[in-house]
Each structure stands twice: as structure tokens, then as C-alpha cells.
Amino acid sequence: MRHLAVTIGLLLLVASLLSGLAVGSTDHELGVDTDELDENETATLWSKDPNECDVDENETAIRSLARCTDVTFKEPPDTASRWTDSAFDSLGAGPSNTSVYPEHADRNDSVMIEDAHATIFAVQPSTWVHQDDNTTALYAPPDGELRGLVDYRVRVPDDENTSHRTIEWSLLEHEVSEVRLKQDDNLLVEQDGSQTPTIEYDLEGAGDSNLTFEADIEARLEENITREAVGSSYSEYHTDTVTVSSEIDLRVYNLTASVYHAEYPDGDAGVAIYQSQPWHGYTLTEEGDAAVRGVWRYYTARNTDWDTLVRSTDGDEDVVESEARPVYIRAFPSEMGPRADPIRDGPSIEEVWGSESSSPNSTFHENVEVDVIDEPYTRSYGLAIHYADLEREYLEVQGIVRGTNAELVEPENGTTREIRESALSVEILEQNESAATVQVDLRDVETGDPIPLEYPFTADPRAIPIGHATTRGYLTINEQPLWTNSSGVAVATLAEPGSYTIEYHPASWRTHDPAYLGDRTSFGWHPLATASGWLSLLVQVFWISIPFLVALYAGLKLGSFLEVTEETYP
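Summarised in this report is the structure supplied together with it. Since the model is a prediction, treat every value here as computed from it, not as a measurement.

About the cut-offs
- Residues numbered from 1 in each chain as written.
- Predicted model: local features only at pLDDT ≥ 70, side-chain atom pairs only at ≥ 80, totals over all residues.
- Heavy atoms only, no water.
- 1 Å grid on protein atoms, 1.4 Å probe; cavity = no way out; pocket = protein on both sides within 12 Å on 5 of 7 lines; lining within 4 Å.
- Points joined across faces, edges and corners; volume = space filled by probe spheres on them.
- Helix = DSSP H or I, 4+ residues; strand = E, 2+ residues; numbered from the N terminus.
- Nonpolar A, V, L, I, M, F, W, Y, C, P; charged D, E, K, R; others polar.
- Pairing = 2+ DSSP bridges.
- Axes fitted to C-alpha atoms, helices over the stretch in contact; angles between N-to-C directions.
- Phe/Tyr/Trp six-rings, centres within 6.5 Å; stacked < 30°, edge-to-face > 60°.
- Buried < 20%, exposed > 50% of the residue type's maximum accessible area, 1.4 Å probe, protein only.

1. As for the layout of surface pockets
Considered as a void within the structure, the largest pocket measures approximately 380 Å³ in volume. What lines the largest pocket is a set of 20 residues, among which K74, E75, H280, R293 and Q398 lie closest to the centre. Counting residues per element, the ones that place at least two in the lining of the largest pocket are β14 (279-283), β15 (291-293), β20 (339-341) and β23 (396-399). Counting residues per element, the lining of the largest pocket draws most heavily on β14, which supplies four residues. Considered class by class, the residues forming the lining of the largest pocket number five nonpolar, eight polar and seven charged. Volume-wise, the second largest pocket comes out at about 280 Å³.

2. Section: the sheet that holds β15
Reading across the sheet, the four strands line up as β20-β15-β14-β23 and stay open at both edges, with antiparallel pairing between neighbours. The open sheet is flanked by β20 and β23, the only strands paired with a single partner. Direction aside, neighbouring strands of the sheet carry axes that sit 25° apart on average. Sheet topology places β15 next to β20; three bridges connect them, and they run antiparallel. Its bridge partner lying in β20, A291 is registered against D341.

3. A closer look at the packing of aromatic side chains
Within this structure, the stated rule accounts for 11 aromatic pairs. Measuring from centroid to centroid gives 6.1 Å for Y299 and F364, while their planes differ by 35°, and the two rings are tilted. Remark: F364 occurs in the loop between β21 (348-357) and β22 (377-387) and Y299 occurs in strand β16 (residues 296-302); sequence separation between them is 65 residues. Accessibility assignment for this pair places Y299 and F364 in one class, buried. Taken together, F88, F121 and W306 form an aromatic cluster joined through their ring pairs.

What follows is the structure in C-alpha cells.
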């Protein structure tokens, strides 16, 4: 958290010692039956409340912490749906002369029916995902429930009494005759009407979609007319109907993962998992002790549109605090990319493919403070993982909506891709005092077959890509790229003497079958390694030494000329 870290830390320590649960924002005394949620769980629901970090001696440490900070979860919690279920049970419509509605409700009037609406209360299970600075989307799996509130008020005309006749009005009956749920204008469900319906649905397809909640409302009135002059009386009947609706945009979260397996030369396992929708994590063993976590963390927050309700009667409107407030799970990126657990002796992430997204930190409610990443992050849709103890039959891909796991789809033939060892060798074909020509040979250790790298990816006979991204293997000589031909051979000319390292950078096993492990070797060359090199050296030494020999000869002659003996000076 980014505020009062010391205070929060101490409170969190106390709270954890008391209960073992993390909690978040403030307490709400609402008329909701919360027997299924304890004090800690209820406190985590109110992330959109202002954070107040003062300490009240009369309240528990848990409540103090709940008022001070917004708590996040490693996985989608169940508290949001449990609270919403209980809250909906406390939601009620008004009597025939009163319509109850949230202020955002889309209301319709007809002849005798006014302030009619059908407003979506909640779609469960689901998760709001803060993806980037432009996108916050609601993800809902195909199977779920929509809860709604339908209400209205019936306007009964005033009675009339004149010297000639008397008109008396009475409401005979009124009801919500039918409710419907449509997906993209296609009828999914229709059922008998209710003012607080729960509609079970089975959504179709995947991706962006629209749900429309509709209700038909009907009222029947009797108009009794008495004519005083003739002493006659009769009745006329009037029926009024209105259809009301509301809608919500969402993304059908039909999570499917394509799974591909590989085996390394030492028997270790590799797995590549590809899914197009956001994912929570992977479990690689039966015990769940080896896993990969995605970038998402979670918090819970109410839909503030339901904080208040309007009670509308003929000529009067009262705004009251709502006792029924739906709560949703919300996901946000807290890491730059996926990570493996445990760090030591656990799985290793060999490759991540996805798209870079901007931070969504500008999309949060003003009172929400969570550890959202502030810089661009990778929203991955595929990983390649290397793990020695992978248990294929227990592989699981969890979704960002609570209780969802991906359907795993393997190739039709179910084959495991093979990863083999490679071998590099180098031979100096020719060299002189200025350059060397070397030949690099790359081969399959098991079969001895050449490993060609020169093909364009689409023409490579080993290219069988998984996912969208593709890779191509290559060699480097001191970081300069090189590709072998169809015979597994590459030739290079080196102009600088010295030591060289040749390294094979193989393509990923998810793009090639068979695939290979990398290899490296070193060699060196120098002009002195050849006869012409030695001759060239001697010639260069001779020419370099001429000035020194001349100077030496001149010095000796000058010394002889200046030599003084005793015979000259007795």
C-alpha cells in the first residue's frame, strides 16, 4: 500500500494473529442477513469507501485496518457472490402506488403505469478486469445468473362525483407478467414474471456480448359509472401494459487453453499453454506445489449505483440509503509478467508471448488504493514452461473468474514434441596474414543429420508453430549472426585474429518439431599459424630493424673515430 505503511503493517500483523485473514475498507451496518460472512469477510467488501487511518480504542484491530486500507487477494475471493446473494434477498419492490428504483434506472411511463423499470442488479459469477487505461471489462462465464429489480406504480384516476353521474376507479390487478433475457437480441430465457427475478442463463459464444433484461408489466383497472338520473350502473375495464428493460455489456468468459507437450533429452518435461483470454494461473502437479502465477490480483468493491434508492409515489420522491448493494470482484495487474513458484527448484518460464498494455491506474475509483503496476506490463496469452516434475494429468489452468478452469485442448494426435541435443564443430579452411575462412557444422547428436537454418520460416520443414509468434534459429560468431545451409554448414570469413566463440541459438520447441538445445564452441586463429605468416613476420621485423642497424653501425664508426689512446697523448 502506498499510505501509512507502518501503521497498516502493525494493524495487519495484529489482525493476522487474531484471525489469519486480510481485511479491507470500512464497516457497513446494512439490513442484510450476513450470517454466511464473518466480520473479516464483510470488511473486505467496501474498497470504494474513503480510507480513514485513525485508531479507535473502542474498536478491534480488524475494524481499524478495515477502515484504513483496501485489501487485495491472490485469487478471486468468494465473499463478493455470497454478499450479493444475501443483499438481493433484502431487496424489495414497493406497493402498487410506489415505485422503488436506483437513480440510474431507465424508467418508462404509460397511461396508467409510471416509473416502470427493469434494472439489472448483478451478473454472477463475474469479474471486472482493469486491463489498460482505456479498457475495464466485465468477464462472465457462460453459466451464471442475472438478478434484477422490476418495479412500477399504478396511477389510479381520482373518483368523480357530479349531479349527473358518479365515477369510481378501482385497481383490480397488476403484475409483472413475464421476464426475459436476451443475448445480442437473441432470446435466451423467458419465464414467469417476478419483481425480483433470478434468471439462470447459458451464454453462447465467446468475447464481447450484450445482455438485455426485459420485463412486461400489466395493470387492470375497473371504472364503475353510475347515472343518478336513470338509476343505472355499469363498469368498463381498462388494461395497460408496458415493457421495460436494461442492458449490460460483458465478455463471455469461455476459457479454453491449447496445451502442447515436449520432452527434453534428460527426461525433463516442457509444456506450452496458449489461451486468448485473461488467466489467473497454472497448476503443474497434483499437490499444487509447483505453479505459475499470472499478473492479476483482486479486490472487491460494491456497485455504487445502488448506494441509494428512490421511492416514488404520486407527486413525491424520497431518496433513501439502500440496504442491498451488489459487490463485484475486480482484477488488476500487479506484476510486469508471469512468475513461477517456487523460485528455487521450481518451474522455469522459457518464453512468454503476449501484448504490452499500458497501466490501468487511471481507471480506479478515487477512493481505491491498490498496488496496481504503474508502468506498461505484458498481458500474456501464452507461456512455454520447463519443469522436470510436471504431472500432465493434473495440469490445470485457472481463470480470473472464481470457480472457472479452462477446458484443455491437446493436438488431435496427442504427440509430444521431441527436444534433441545439437553439436557444433568448426574447421579453419584457409588463412593467411590478413584473414581466415572457417566452416561451421551443425548437426543432430542423435541422428547425425544436418540442422539447416537458412530457410525462411514458412519454408522450414520443421516449422510447426504453436500460437501466433514465430521464431527462427541462428548461429552467432562473437555475436554476429550466421545461418547454416541445407547441409548444416555455414562459412564465414574473419578479418581480425583472436579467439572466437560460436553459439547456436535454437528456435523454440513450440515453433519447431523436432527442436534442439543450444550448443557452443570456441576456436582461435593467428597469422603465425601459417608459413606465409612467419615469412611475413620476418620481413616486417627486417624492415623495422633497418633503422636500428644503421644507427648501430654509425655509432660504432663514430666511436672508432673518436677513440683516444696513450700513444697519442704520452
